[in-house]
Amino acid sequence: MEQQVNGNATVQQDIDYVKIARIILSRWYWVASTIIIAFIIAYIYLWYTPETFSTSSSLKFEEKRSEISELLNVRNAYDRTNKLQSEQFVIRSREVLNNAVKELDYKISFYLKGRVRTSDIYPQKPLHIVVVEQDSTNFTRSLFEYEPIDATSFKLTRLENGTELVQTFKVGQIISAPGIKFKIDNTTFNGKNNSVYCFKFNSPASFLGRISSGLNMSETKGTNILSLSQTDINPYFAADALNAVLRSYVNYDRHQKTISATQTIKFIDTLQQGMSKAVKTSGSELEQFKVANKVLDISATGQDVMKKLTDLETEKNTLNLQGIFINQLEKEIVGNKNLNAINYNLQGITDPMLGNLLTQYNALLLKREELLIDYKARSDKVQQIDKQILDIKSAFVSNASSQRQKNQKTINYIDQQISSIKQTFNSIPKAERELINLTSNAAINQKVYTYLSEKKLEAQISKAAITPGATIVDFALYNTNAIAPVAKKTYTSALIIGLVVGIGLIFLVRMLNPYIYDKETIESLTTIPIIGVIRKYQDEIDENNRQILSIKNPKSLFAESVRSVRTNLSFLAAEKKSKIVCITSEISGEGKSFTTVNLASTLSLIDKKVIVIAADLRRSKLHHTFKVSNLKGLSSYLSNQAELADITFKTEIENLTFVPAGPIPPNPSELLYSDKMKALLENLTKEYDFVIVDSAPVGLVSDAIPLIRMADVSLFVIRSGVSRYQAATIPERLNKEFNLSNITIVLNAFDNDILHSRYYTTNYSGSYYANYYYYSDYSGTGYGSGYYSDGPNKKWWQFWKK
């Protein structure tokens, strides 16, 4: 990334991937800590989480028909447009699961109590419990904790109404609990290391949720095979439960098909009874007419008319029968308040659309039953199914009405044909016409009766030939290999999560960090040049900076970094024989006075005459550093209360003179703006090589502005880890607002904490300030080892070292 800065310099910023790696490695112990914590959590998770086991089986779906059924085109059950999906709802239905539970030994569950958790030990029965009396529905579901005392007695503990109840019983003694009486006919006492067992009494409904939640089904692509699996904390229960579900479903499927055929037969029986009377009546009337009128036969013309009339009347009656069936089916669906499945064989009686709607209706009823295992009837999911059921009912009523209208139009057309045929009766003698009518009625009734008899026979054959629509391909087997939690996967996940969290924590701290730490950060925020980087002093510093550290430890990295600032300072305003240097910062506490003292002492070491002026008239502490009285000072001089000689003090350092701030005046800004202050600085430049002015922070008051104008060089101090991002923008703002061009930046207390360093490197080209000075931040690994006397920094684990 390139950007143009003042002059013709170009800034090139490139991502430094090595630096990113160093940022992460700088807090390797954070990453290590998060990994260790993740491993501890994983260990606790594996310790406390019960293992989960899985077993599987498969069902093959097919429509099995007998040869007679194939000939008669009789179907065993209602058509399923998507059989595998609809049958999954059947398998999960309450009735199928209830019947499956009843196949299991469900009445009493046994558990082994451990130090960490209580484990289901199905199918083991360590205790022989005999139920003497039990309420069918209202009995206690509390967990009984059994602990043997000796060979003949034991202790039972349970919760009753929130209170722990502890009782002692003898073997064979009848025990009473809410809704149940039982006795224990044996004991698990063995003299030592007696295990503590628990047990509880169940109803079939107690296992519905457990089986339903662990039951999973999937379709095998391209086949009519459905794969089923059961997961549970007990591998033996999982296998037994899945096998019981398979058998229960097959029996349920056979039973439902039997119900369908039975309902069809009963309905046809009802219609046949009425038609049987009609057949007998019409037959009797025909015989009586023949006897009374001595007519034994019909002419050829009459027979032709009678045949046409009979066929049309038969078709008309068949359509009427279909209408009766549709009305009956519609009545049952609309009035089905108990939401029971409706099973009818619709082959040849109604149109395919009604059959499809009936299939969808029954599938939704099964899905509703499945949801009621885990949800209440008022829940959103059940309410959505209820709405779909209402929509299906509405669609069925609409399609039934359309079918009736269609049938009625056909009947009207048949009536027109019958009317046309009857007009030809005029050419036939009256007696023969009567005979034709009676014969036709008898034939029609007989044909309708025969049609119903055929349908009844088809249904009876279908009922006799019923076989399940699915075959169990594989039964479930016991699988004692846990599928979860898997220790290897858990620890691998913990390692990955620990790494991600650790590295994420590093970058989160960086992202939330509002402070400046290195020169790259400053370079990214401003174009004001950085004159130098002062290293952080590793030992404790006195509150008043009484140690002049650059002199105290001249071979330290800190002292060398101060000397680097001193060197670069000589390049600024090089044409001036004597320089006025104003030092300021954004706020107090950023090392402004600290930088002033050490820079002045370093300049004095090269035989430069230096005077330090404490120009922070509001809150100066420099007099404590030089151990000078503050009763008279700059404020006294500017307010004409003292002479220059009265406020000028020699210090312990050769060539270094100090002027204290003096008492706090009521008008510090006016005093610093005065011509006397300007004259003072001009006079001091005649006597001293460097006049260093320690001014007030510019972020708090405006006292420093006139001093910056008067100065040849202004140093804006930014403290690493203390100054916020906005501090770097202040020098450039001062430059623009007050037309100041003499401001440079000093980064103070740099500690080379790579965690907060920029992940890119900044390269300058052109003739900007890079040609004016040279500085080093001494941030290289192992830089100066053996040359500087700082010694290695103490490591993070050496917190006890001073």
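Residues numbered from 1 in each chain as written. Predicted model: local features only at pLDDT ≥ 70, side-chain atom pairs only at ≥ 80, totals over all residues. Heavy atoms only, no water.

### Regarding the overall build of the chain
Definition in use: Starting at the N terminus, helices and strands are each numbered in turn, a helix being any DSSP run of H or I of at least four residues and a strand any DSSP run of E of at least two. For each residue, the accessible area found with a 1.4 Å probe, counting protein chains only, is set against the maximum for its type, and the residue is called buried under 20%, exposed over 50%, and partly exposed in between. We call two residues in contact whenever any of their non-hydrogen atoms come within 4.5 Å of each other.
Within the chain, the regular secondary structure consists of 23 helices and 24 strands. Going through the 802 residues of the chain one by one, you find that 47% of them count as buried. For the chain, restricting intrachain contacts to residue pairs at least 6 apart in sequence, the fraction spanning at least 24 positions comes to 79%.

### Some points on the pattern of salt bridges
The condition that has to hold: The term salt bridge refers to a side-chain nitrogen of Lys or Arg lying within 4 Å of a carboxyl oxygen of Asp or Glu.
If you walk through the whole model with that rule in mind, you get 15 salt bridges. With its nearest N and O atoms 2.9 Å apart, the salt bridge here joins glutamate 103 to arginine 247. In this pair, glutamate 103 sits in helix 5 (residues 94-103) while arginine 247 sits in helix 7 (residues 235-293), placing the two residues 144 residues apart along the sequence. Taking the shortest distance from any N to any O, the salt bridge between arginine 210 and aspartate 120 comes out at 2.9 Å. Here arginine 210 is found in helix 6 (residues 208-214), whereas its partner aspartate 120 is found in strand 5 (residues 118-120), with 90 residues between them in sequence. Here arginine 210 falls in the partly exposed class, since its relative accessible area comes to 22%. Three or more residues are tied together by salt bridges with common partners; here these are Asp120, Arg210 and Asp232.

### Quick look at the pairing of strand 8 (residues 153-160)
Condition: Pairing between strands is defined by DSSP: at least two bridges between them are needed.
Judged from the 4 bridges that link them, strand 7 (residues 144-148) and strand 8 form a sheet pairing that is antiparallel. Following the sheet pairing, tyrosine 146 is matched in strand 8 by leucine 156. Connecting strand 8 to the antiparallel partner strand 9 (residues 163-170) that follows it, the hairpin turn spans 2 residues, and asparagine 161 within it adopts a positive phi of roughly 60°.

### Brief notes about the packing of helix 15 (residues 557-571) against helix 16 (residues 592-604)
What counts is decided by this rule: Axis definition: a line fitted to C-alpha atoms, over the contacting stretch in the case of helices. Angles run 0 to 180 degrees between N-to-C directions. Orientation labels follow simple angle bins: below 35 degrees gives roughly parallel, above 145 gives roughly antiparallel, 65 to 115 gives roughly perpendicular, and whatever is left gives oblique. All amino acids are sorted into three groups, where Ala, Val, Leu, Ile, Met, Phe, Trp, Tyr, Cys and Pro are nonpolar, Asp, Glu, Lys and Arg are charged, and the leftover types, Gly among them, are polar.
For the pair helix 15 and helix 16, interaxial distance at closest approach is 9 Å and the crossing angle is 75°. The angle between helix 15 and helix 16 falls in the class roughly perpendicular. Seen from helix 15, the contacting residues are Phe558, Val562, Arg563, Val565, Arg566 and Leu569; seen from helix 16, they are Phe594, Asn598, Leu599, Thr602 and Leu603. Grouping the constituent residues of the contact of helix 15 with helix 16 by class yields 7 nonpolar, 2 polar and 2 charged.

### Description of the confidence of the model for the chain
Reading predicted coordinates in detail is not appropriate for stretches of low pLDDT. Defined as follows: Think of pLDDT as the predictor's per-residue confidence, scored from 0 to 100.
Looking at the chain as a whole, the pLDDT averages 80, with 78% of positions reaching at least 70. Segment residues 766-774 is flagged for pLDDT under 50; beyond a separation of four residues in sequence, or across chains, it makes 22 contacts in the model.

### Here we look at the sheet that holds strand 4 (residues 108-113)
On the basis of which strands lie adjacent, the open sheet formed by 6 strands has the order 5-4-12-7-8-9 and antiparallel pairing. Because the sheet does not close on itself, it has two edges, and the strands there are strand 5 and strand 9. Recorded for the sheet is a direction-independent mean angle of 30° between the axes of neighbouring strands. The pairing of strand 4 with strand 5 spans 3 bridges and is classified as antiparallel. Residue tyrosine 111 lies in a different strand from strand 5, and its bridge partner there is aspartate 120.

### Looking at the nonpolar core
Rules: Only buried residues count toward a nonpolar core. Its members are Ala, Val, Leu, Ile, Met, Phe, Trp, Tyr and Cys residues joined through side-chain atoms within 4.5 Å.
In terms of nonpolar packing, the biggest core is built from 75 residues, with Leu569, Ile613, Leu634, Met677, Val691, Ile692 and Leu715 touching the most fellow members. Beyond its immediate stretch of four places on either side in the chain, valine 691 contacts Lys579, Ile580, Val581, Ile611, Ile613, Leu681, Leu684 and Thr685. Listed in part, the 32 residues of the second largest apolar core include Leu84, Leu228, Phe237 and Ala476.

### Some details on the packing of aromatic side chains
Basically, it comes down to this: Two rings from Phe, Tyr or Trp (for Trp, the six-membered ring) form a pair when their centres are within 6.5 Å of each other. A pair whose planes differ by under 30 degrees is stacked, one over 60 is edge-to-face, and the rest are tilted.
Across all of its chains, the model carries 18 aromatic pairs by this definition. Here the aromatic rings of phenylalanine 144 and phenylalanine 199 are separated by 5.2 Å at their centres, their planes lie at 5°, and the arrangement is stacked. In this pair, phenylalanine 144 is assigned in strand 7 and phenylalanine 199 in strand 12 (residues 197-201), connecting sequence segments 55 residues apart. With relative accessibility at 0%, the residue phenylalanine 199 sits in the buried group. Seen from their ring centres, phenylalanine 182 and phenylalanine 201 are 5.0 Å apart, and the 55° between their planes marks the pair as tilted.

### What about the environment of valine 96?
By the element assignment, valine 96 lies in helix 5. On a C-alpha basis, the gap between valine 96 and arginine 247 in space is 9.2 Å, while along the polypeptide they are 151 residues apart.

### Some remarks on the pairing of strand 10 (residues 174-177)
Of the two faces of strand 10, only the one carrying Ile175 and Ala177 is buried; Ile174 and Ser176 on the other face are not. The pairing of strand 10 with strand 11 (residues 180-184) spans 4 bridges and is antiparallel. In the strand pairing of strand 11, serine 176 is matched with lysine 181.

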